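Analysis of the macromolecular model
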Amino acid sequence: MDKVSARFAQLQKNVGRCHATAAALEPGTDGRQAAFDALLAAADSLLAYDAKVPGLRQEPARRTTQAVVLWTSRGTAAVAALTAAAVIPGWAPWGWLLLVLPVLAVALNSGLTAKPLPKGRPHQRFRASAILLAACALLLGAVALGVLSAWWVIGVLGCAAASFATGLPDDPNTNRSTR
């Protein structure tokens, strides 16, 4: 049993104990009102914790997404930087810098520091965006170095557009379920 389930079970047992205590007292007994107040407090804490459970269950996956985005972005920045550096000895034409430098800038922006993901919002799309940006950098490097045909630029632009589209922030006012 994980910590979240154990804490939930503990709060449920506490509500059960308070209910048993309140039910055992006769009407008009001195401590009955205090027992019912304790029961209400225990139920309130159970309900408050119940509202937090989805977020607590998603926290490990959220940390994984954050690590995937960070390290994929760092790898993408390295590939883009090496592709840009290939221009200096003449292995790639200078014109490819127009496409490589924006990819490098985006990868550096998300790869230098770990940015916290918004709580209670879907996070898998950030993984997809980082992986698509990495694919974009790899394809762009292969095309710039002449390994792949220049027609693959269409795939590069498609990956870049998909990465941009999946990485856009969603409207926090929409009612989406936590993924």
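Right, let's walk through the structure included here. Quick caveat, the model's predicted, so the values are computed rather than measured.

A word on helix H4 (residues 124–144)
Two residues of an α-helix separated by three or four positions point the same way, owing to the 3.6 residues in each turn. The terminal C-alpha atoms of H4, which comprises 21 residues, lie 30 Å apart, in line with the 30 Å expected from a rise of 1.5 Å per residue. The positive-phi residue at the C-terminal boundary of H4 is Gly 146, with phi of around 85°.

Looking at the pattern of salt bridges
Counted according to the given criterion, the structure contains 1 salt bridge. Across the pair Arg 57 and Asp 2 runs a salt bridge, and its minimum N-O distance is 2.9 Å. With Arg 57 in helix H2 (residues 32–85) and Asp 2 in the segment before helix H1 (3–24), the pair connects residues that are 55 residues apart, well separated along the chain. A relative accessible area of 42% means that Arg 57 is categorised as partly exposed.

Considerations on the nonpolar core
Membership of the largest hydrophobic core comes to 22 residues, with the highest contact counts inside it found for Trp 96, Val 103 and Leu 140. Secondary-structure elements contributing two or more residues to this core are H2, helix H3 (97–111), H4 and helix H5 (153–167). Here this core gets 7 residues from one element, more than from any other, and that element is H4. Among residues more than four places away in sequence, those in contact with Leu 140 are Trp 96, Leu 99, Val 100, Val 103 and Val 156. Leu 11, Val 15, Cys 18 and Tyr 49 belong to the second largest nonpolar core, which has 9 residues in total.

Description of a nonpolar patch on the surface
Among the surface-exposed residues, Trp 91, Leu 145 and Val 147 lie close enough to one another that they form a single nonpolar patch of about 370 Å² accessible area. Within the fold, Leu 145 resides in the loop between H4 and H5. Among the residues examined, Leu 145 registers a relative accessible area of 41% and is labelled partly exposed.

Quick look at the packing of H2 against H3
Where H2 contacts H3, the axes come no closer than 8 Å and their chain directions differ by 150°. The orientation of H2 with respect to H3, classified from their angle, is roughly antiparallel. Along this stretch, H2 crosses H3, giving a crossing that reads as left-handed. Contact with H2, carried on its side by Leu 70, Ser 73, Arg 74, Thr 76, Ala 77, Ala 80, Ala 81, Thr 83 and Ala 84, involves Leu 97, Val 100, Val 103, Leu 104, Ala 107, Leu 108, Ser 110 and Gly 111 of H3 and no other residues of that element.

Quick look at the packing of aromatic side chains
Counted according to the given criterion, the structure contains 0 aromatic pairs. The lysine or arginine in question, Arg 7, covers the ring of Tyr 49, its NZ or CZ lying 5.9 Å from the ring centre. The ring of Trp 71 has Arg 74 lying over it, and the distance from NZ or CZ to the ring centre is 4.5 Å.

Quick notes on the packing of H3 against H4
Remark: H3 packs on H4, axes separated minimally by 11 Å, with the N-to-C direction vectors making an angle of 150°. Accordingly, the angle class assigned to the pair H3 and H4 is roughly antiparallel. Relative to H4, H3 is oriented so that their crossing is left-handed. For the pair H3 and H4, contact is made by Leu 99, Val 100, Val 103, Val 106 and Ala 107 and by Leu 133, Cys 136, Ala 137 and Leu 140, respectively. Grouping the amino acids of the contact of H3 with H4 by side-chain chemistry returns 9 nonpolar, no polar and no charged.

Cut-offs and rules
- The residue count restarts for each chain, going from 1 along the sequence in the order it is written.
- The model is predicted, so local features are restricted to residues of pLDDT at least 70 and side-chain atom pairs to those at 80 or more, both for listing and for counting; the totals for chains, interfaces and linings are taken over all residues.
- Think of the side-chain values as coming from all heavy atoms in the structure, minus any hydrogens and water.
- Helix and strand definitions here come from DSSP, where helices need a minimum of 4 consecutive H or I residues and strands a minimum of 2 consecutive E residues; each element is numbered from the N-terminal end.
- To estimate the expected span of a helix, subtract one from its residue number and multiply by 1.5 Å.
- The rule for a salt bridge is simple: a side-chain nitrogen of Lys or Arg has to be within 4 Å of a carboxyl oxygen of Asp or Glu.
- We call a residue buried when its accessible area falls under 20% of the maximum for its residue type, exposed when it is over 50%, and partly exposed in between, using a 1.4 Å probe and counting protein chains only.
- Note on terminology: a nonpolar core comprises buried Ala, Val, Leu, Ile, Met, Phe, Trp, Tyr and Cys residues joined through side-chain atoms within 4.5 Å.
- Whether two residues touch is decided by their heavy atoms; if any such pair falls within 4.5 Å, the residues are in contact.
- Patch membership requires over 30% relative accessible area and the absence of a salt bridge. Like charges are linked within 9 Å, and nonpolar side chains (Val, Leu, Ile, Met, Phe, Trp, Tyr) within 5 Å.
- Accessibility throughout is a Shrake-Rupley quantity obtained with a 1.4 Å probe, and a residue counts as covered only by protein chains that appear here.
- Every angle, taken between N-to-C directions, lies between 0 and 180 degrees, and every axis is a line fitted to C-alpha atoms, over only the stretch in contact when it is a helix.
- Comment on the angle field: the value is read as roughly parallel under 35 degrees, roughly antiparallel over 145, roughly perpendicular from 65 to 115, and oblique elsewhere.
- It is the rotation of the near helix from the far one that decides the hand of a crossing: anticlockwise by less than a right angle makes it left-handed, clockwise makes it right-handed.
- Side-chain rings of Phe, Tyr and Trp, where Trp is taken by its six-membered ring, are said to pair if the distance between their centres is within 6.5 Å; with planes under 30 degrees apart they count as stacked, over 60 as edge-to-face, and otherwise as tilted.
- Consider the ring centre and the ring normal. A charge sits over the ring if Lys NZ or Arg CZ is within 6 Å of that centre and within 35 degrees of that normal.
- Each residue is assigned to one class: nonpolar for Ala, Val, Leu, Ile, Met, Phe, Trp, Tyr, Cys and Pro, charged for Asp, Glu, Lys and Arg, and polar for all the others, Gly among them.

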